[in-house]
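Here is what each chain is made of, one letter per residue.
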Amino acid sequence: MRDFSSVQRVVVKIGTNVLRSANGGIDTTYIRDLAEQVCSLVNAGKQVVVVTSGAIGMGAAELGIGGRIDTVKLRQACAAVGQPILMNTYKEAFSRHNTSVAQVLLTREVLDNRTSYLNLRNAIETLLSLGVVPVVNENDCVSTAEIGTTFGDNDRLSALVASKVDAEVLILLSDIDALYDSDPRTTSGAHPIRTVPQITDEVLAAAGSPGTRFGRGGMQSKLAAALVAENAGCPMLLAHGREPHVLSRLLAGEEIGTVFLAKRRLGNRVRWILNSEPQGRVTIDEGALAAIRNKNSLLPTGIVRVEGVFPAGAVVNLNNCGKIVTSMNSHELAALAGKHSREIEKLLGGGRKDFIARPEDMVFFDEDS
Ligand code: GLU
């Protein structure tokens, strides 16, 4: 039995296709309806963070750009034009309920960096305590995949936000009404899956097509979001955004859409390591791997190879089995590779740490931490 009626903090993500009108612009009536639904949750004492897509689509409509928006610079230009249109529409819709909205634009770097993330968290906490509804989008104008600052899609962004603000439930409103056991557009008799207890290979195989012209979502990115949410102890609900009263019905536990159950609630620091974009890779030998799996610190002697250029404190991949926060930068690690810890002082000078990473700086993908 589903029941989310007692949750206090909810993240709601709205996809581009849901808020687009037939002529390609923004569907003001829909946003007004959504604002009404969100405000009734807020009036019932809940805190709601909205994550919205649509900047690129609205910008393209405003500029009369047809066809694919597939160059990075055109996506950025459209987003810069569309974002204020989007925010104006949200502002107008929420003001009908005497509720203020706040624009929050994020890049991956902001969430990956511990300091800027903590600042963000404080800002969001303050907004929520003031009864304001934060409206989050990716800062598309400055994030590009080339420099590794992009989330890739707002599904993943919304799951990271849900994880960072410790939301109790994440709701994805899409133009897809549920996860199906096969592609409903091509398979007659495809069945909706109402509950996904865990994201297995079979579930991943059921995910079909990539995104659309403006949005990057699609079932694969919904499952990527669910993977982030399940480790944050946050169940994820996927439903059609045009379903009447969808938010209150989902929270009341009605069997619509698909619920992805939470697996475990990893600690905040572990989630940060797991969800951060790795800045490089450290390869270590079998002996070192066995030692650190046995809860020992990683020492320089086990290092075989260092790839990438990264600072001390960066999150990097460890072989293919996990991630670590490294206490030394990539040049120092390369200089120390295969050396005994007592050589650290000789090679790097005094006052240095005598380990590369402690057990609390490591996460293994296959382990319940
Ligand atoms: N941030 C993009 C926008 O606002 C959408 C990305 C996505 O659809 O996932 O247009």
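Look above for the structure.
Residues numbered from 1 in each chain as written. Predicted model: local features only at pLDDT ≥ 70, side-chain atom pairs only at ≥ 80, totals over all residues. Heavy atoms only, no water.

Novice: Tell me about helix H11 (residues 268-275), and name the residues and values.
Specialist: Taken across its eight residues, H11 has six buried, putting it largely inside the fold. Taken together, the buried positions of H11 are occupied by Val270, Arg271, Trp272, Ile273, Leu274 and Asn275. (Buried < 20%, exposed > 50% of the residue type's maximum accessible area, 1.4 Å probe, protein only. Helix = DSSP H or I, 4+ residues; strand = E, 2+ residues; numbered from the N terminus.)

Novice: Lay out the pairing of strand E11 (residues 281-284) with the relevant residues and their values.
Specialist: In this structure, E11 lies alongside strand E12 (residues 303-307), joined through four bridges in antiparallel fashion. What sits directly across from arginine 281, in E12, is glutamate 307. With two bridges joining them, E11 and strand E13 (residues 315-318) adopt parallel strand pairing. Pairing of valine 282 across the sheet is with leucine 318, part of E13. (Pairing = 2+ DSSP bridges.)

Novice: How would you sum up the site of the ligand? Please name residues and give values.
Specialist: By nearness alone, ten residues border the ligand, and Ala55, Ile56, Asn137, Asp140 and Asn154 come closest of all. Here an oxygen atom of the ligand and a backbone polar atom of glycine 54 are 3.2 Å apart. Contacts to the ligand include asparagine 154, whose backbone N or O atom sits 2.6 Å from an oxygen atom. Considering the ligand on its own, with 300 Å² of exposed area, one finds that the protein chains cover 98% of that surface. (Near = heavy atom within 4 Å. Polar contact = N/O pair within 3.5 Å; in protein donor to acceptor, adjacent residues only side chain to side chain. Areas by Shrake-Rupley, 256 points an atom, 1.4 Å probe, with all protein chains shown as cover.)

Novice: Which residues make up the pairing of strand E14 (residues 322-325), and what values do they have?
Specialist: Along E14, one buried face is formed by Gly322 and Ile324 and the opposite face, lined by Lys323 and Val325, is buried too. Note: E13 against E14, four bridges, orientation antiparallel. Of the residues in E14, the one forming a bridge with valine 316 is isoleucine 324. Linking two consecutive strands that pair antiparallel, namely E13 and E14, is a turn of three residues; a positive phi of about 45° is found at asparagine 319 within it.

Novice: Break down the sheet that holds strand E8 (residues 195-196) for me, citing the residues and quoting the values.
Specialist: Pairing is mixed across the open sheet formed by eight strands, whose spatial order is E3-E4-E2-E1-E5-E9-E10-E8. The open sheet has two edge strands, strand E3 (101-106) and E8, and neither has a second partner. Two elements, strand E1 (residues 9-14) and strand E2 (residues 47-52), share six bridges in a ladder whose sense is parallel. What sits directly across from valine 12, in E2, is valine 50.

Novice: Hey, could you go over the packing of helix H2 (residues 28-43) against helix H4 (residues 72-95) for me, with residue numbers and the actual values?
Specialist: Contact geometry for H2 and H4: axes closest at 8 Å, N-to-C directions at 50°. The angle between H2 and H4 falls in the class oblique. Note on packing geometry: the crossing formed by H2 with H4 is right-handed. Across from Thr28, Ile31, Arg32, Leu34, Ala35, Val38 and Cys39 in H2, the residues of H4 making contact are Thr89, Tyr90, Glu92, Ala93 and Phe94. Split into classes, the residues belonging to the contact of H2 with H4 amount to eight nonpolar, two polar and two charged. (Axes fitted to C-alpha atoms, helices over the stretch in contact; angles between N-to-C directions. Parallel < 35°, antiparallel > 145°, perpendicular 65-115°, else oblique. Left-handed = near helix turned anticlockwise from the far one by under 90°. Contact = heavy atoms within 4.5 Å. Nonpolar A, V, L, I, M, F, W, Y, C, P; charged D, E, K, R; others polar.)

Novice: So what's going on with the packing of helix H7 (residues 154-164) against H11? Residues and values would help.
Specialist: Each pair of packed helices can be described by the angle between their axes along with the distance between the axes. Two elements in contact, H7 and H11, have axes whose closest approach is 11 Å; the angle formed by their N-to-C orientations is 160°. One finds that H7 runs roughly antiparallel with respect to H11. Crossing of H7 against H11: the hand is left-handed. In this structure, H7 uses Arg156, Leu160, Ser163 and Lys164 to contact H11, whose residues at the interface are Arg271, Trp272 and Asn275.

Novice: Residues and numbers for the packing of aromatic side chains, please.
Specialist: Taken as a whole, this structure holds zero aromatic pairs when the rule is applied. Positioned above the aromatic ring of tyrosine 117, the side-chain terminus of lysine 164 is 4.5 Å from the ring centre. The ring of phenylalanine 364 carries the charged tip of arginine 293 above its face, separated from the ring centre by 4.5 Å. (Phe/Tyr/Trp six-rings, centres within 6.5 Å; stacked < 30°, edge-to-face > 60°. Lys NZ or Arg CZ within 6 Å of the ring centre and 35° of its normal.)

Novice: An account of the nonpolar core is requested, with residue identities and associated values reported.
Specialist: Counting 43 residues, the largest nonpolar core has Ile14, Leu19, Tyr90, Ile171 and Leu173 as the members making the most contacts within it. In terms of nonpolar packing, the next biggest core, distinct from the first, is built from 38 residues, Val49, Ala159, Leu170 and Ile199 among them. (Core = buried A, V, L, I, M, F, W, Y, C linked by side-chain atoms within 4.5 Å.)

Novice: Explain the pattern of salt bridges to me, and be specific about the residues and the numbers.
Specialist: Summed over the entire model, instances satisfying the criterion amount to 21 salt bridges. A salt bridge links arginine 32 to glutamate 92; its shortest N-O distance comes to 3.2 Å. One end of the pair, arginine 32, is in helix H2; the other, glutamate 92, is in helix H4, with 60 residues separating them in the sequence. For glutamate 92, a relative accessible area of 28% gives the class partly exposed. The partner of arginine 358 in a salt bridge is glutamate 360, with the nearest N and O atoms 3.6 Å apart. Judged by relative accessible area, arginine 358 falls into the partly exposed class, the value being 31%. One continuous salt-bridge network, built from bridges that share partners, spans Arg269, Arg358, Glu360 and Asp361. (Salt bridge = Lys/Arg side-chain N within 4 Å of Asp/Glu carboxyl O.)

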